[in-house]
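Single-letter residue listing:
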Amino acid sequence: QVHLVESGGGLVQAGGSLRLSCAASGRTFSVYTMAWFRQAPGKTREPVAGINWSGGTTYYADSLKGRFTISRDNAKNTVYLQMNSLKPEDTAVYYCAGRRSDRDSLPPFLGYGYWGQGTQVTVSS
């Protein structure tokens with residue numbers, strides 16, 4: 001089992017950057033596929049990016065490719081989301097999620113059973 005805690009959210013102007021972090025507890029972090037999701041006010045939660053256990057494979061929502069980058073450091077039990085060229089429509093609560101890598105036969109953004117509490121990102125125009 002893994003416990004996830006996000007950090008790094010905040011208020012930023014349009015065009016700016018933020019880096020979110022997700023710290024995981026537990027000794028088996030390296031076997032988890034990790035992902036970021038977001039939920040804007042009044043909207044359903046949507047996938048942002050995912051990364052496999054080794055960091056060798058990444059996945060992105062089509063609309064976010066080129067602006068967002070997911071990475072992980074298994075030695076630090078942490079996954080990151082670098083967000084550049086932020087837009088007001090990126091305003092949302094961002095959630096970190098994990099699934100055991102033995103579920104990787106599922107599509108990239110399904111099957112996540114472990115979730116953080118979320119971190120607010122607000123982009124002002």
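Summarised in this report is the structure supplied together with it. (Residues numbered from 1 in each chain as written. Predicted model: local features only at pLDDT ≥ 70, side-chain atom pairs only at ≥ 80, totals over all residues. Heavy atoms only, no water.)

1. Observations concerning the side chain of Ser 21
Move 1: Along the chain, Ser 21 falls in strand β3 (residues 18–24).
Move 2: By relative accessible area, Ser 21 is classed as buried at 16%.
Move 3: Each residue touching Ser 21, except ones within four places of it in the same chain, is listed here: Val 5, Glu 6, Ser 7, Trp 36, Thr 78, Val 79 and Tyr 80. (Helix = DSSP H or I, 4+ residues; strand = E, 2+ residues; numbered from the N terminus. Buried < 20%, exposed > 50% of the residue type's maximum accessible area, 1.4 Å probe, protein only. Contact = heavy atoms within 4.5 Å.)

2. Quick word on the sheet that holds β3
Move 1: Ordered in space as β1-β3-β8-β7, the 4 strands form an open sheet in which the pairing is antiparallel. Unpaired on one side and paired on the other, β1 (4–7) and β7 (68–73) mark the two borders of the sheet. Averaged over neighbouring strand pairs, the angle between their axes works out to 15° when direction is ignored.
Move 2: Here 6 bridges tie β3 to strand β8 (residues 78–83), and the two strands are oriented antiparallel to one another. Across the sheet, residue Leu 20 finds its bridge partner in β8, namely Leu 81. (Pairing = 2+ DSSP bridges. Axes fitted to C-alpha atoms, helices over the stretch in contact; angles between N-to-C directions.)

3. Examining the pairing of β7
Within a regular strand, the side chains alternate between the two sheet faces.
Move 1: Side chains of β7 alternate between two faces, with Phe 68, Ile 70 and Arg 72 buried and Thr 69, Ser 71 and Asp 73 left unburied.
Move 2: Sheet topology places β7 next to β8; 6 bridges connect them, and they run antiparallel. Bridge pairing links Thr 69 to Gln 82 in β8.
Move 3: In this structure, the hairpin formed by β7 and β8 is closed by a connection of 4 residues, where Asn 77 is found at a positive phi of approximately 50°.

4. As for unusual backbone geometry
Move 1: Positive phi outside glycine occurs at Asn 77, with the angle close to 50°.
Move 2: By secondary structure assignment, the location of Asn 77 is in the loop between β7 and β8.
Move 3: For Ser 85, which is not glycine, the phi torsion reads 50° and is therefore positive.
Move 4: By the secondary structure assignment, Ser 85 is in the loop between β8 and β9 (92–100).
Move 5: By relative accessible area, Ser 85 is classed as partly exposed at 42%.

5. Focus on the pattern of salt bridges
Pairing between side chains of opposite charge can happen when their charged atoms approach one another.
Move 1: Using the criterion set out here, one finds 6 salt bridges in the structure.
Move 2: Here Arg 38 makes a salt bridge to Glu 46, at a shortest N to O gap of 2.6 Å.
Move 3: Look at Arg 38 and you get buried, because its relative accessible area is 7%.
Move 4: By relative accessible area, which is 34% here, Glu 46 ends up partly exposed.
Move 5: Beyond isolated ion pairs, a larger network of salt bridges with shared partners links Arg 38, Glu 46, Arg 67 and Asp 90. (Salt bridge = Lys/Arg side-chain N within 4 Å of Asp/Glu carboxyl O.)

6. With respect to the packing of aromatic side chains
Move 1: What the rule picks out here adds up to 4 aromatic pairs.
Move 2: With a centroid separation of 4.9 Å and an interplanar angle of 50°, the aromatic rings of Phe 37 and Trp 115 are classed as tilted. Of the two residues, Phe 37 sits in strand β4 (residues 32–39) while Trp 115 sits in strand β10 (residues 114–115), which places them 78 residues apart along the sequence.
Move 3: You can call Phe 37 buried: its relative accessible area is 5%.
Move 4: The exposure class assigned to Trp 115 is partly exposed, which follows from its relative accessible area of 29%.
Move 5: Taken together, the ring pairs in this structure connect Phe 37, Phe 109, Tyr 112 and Trp 115 into an aromatic cluster. (Phe/Tyr/Trp six-rings, centres within 6.5 Å; stacked < 30°, edge-to-face > 60°.)

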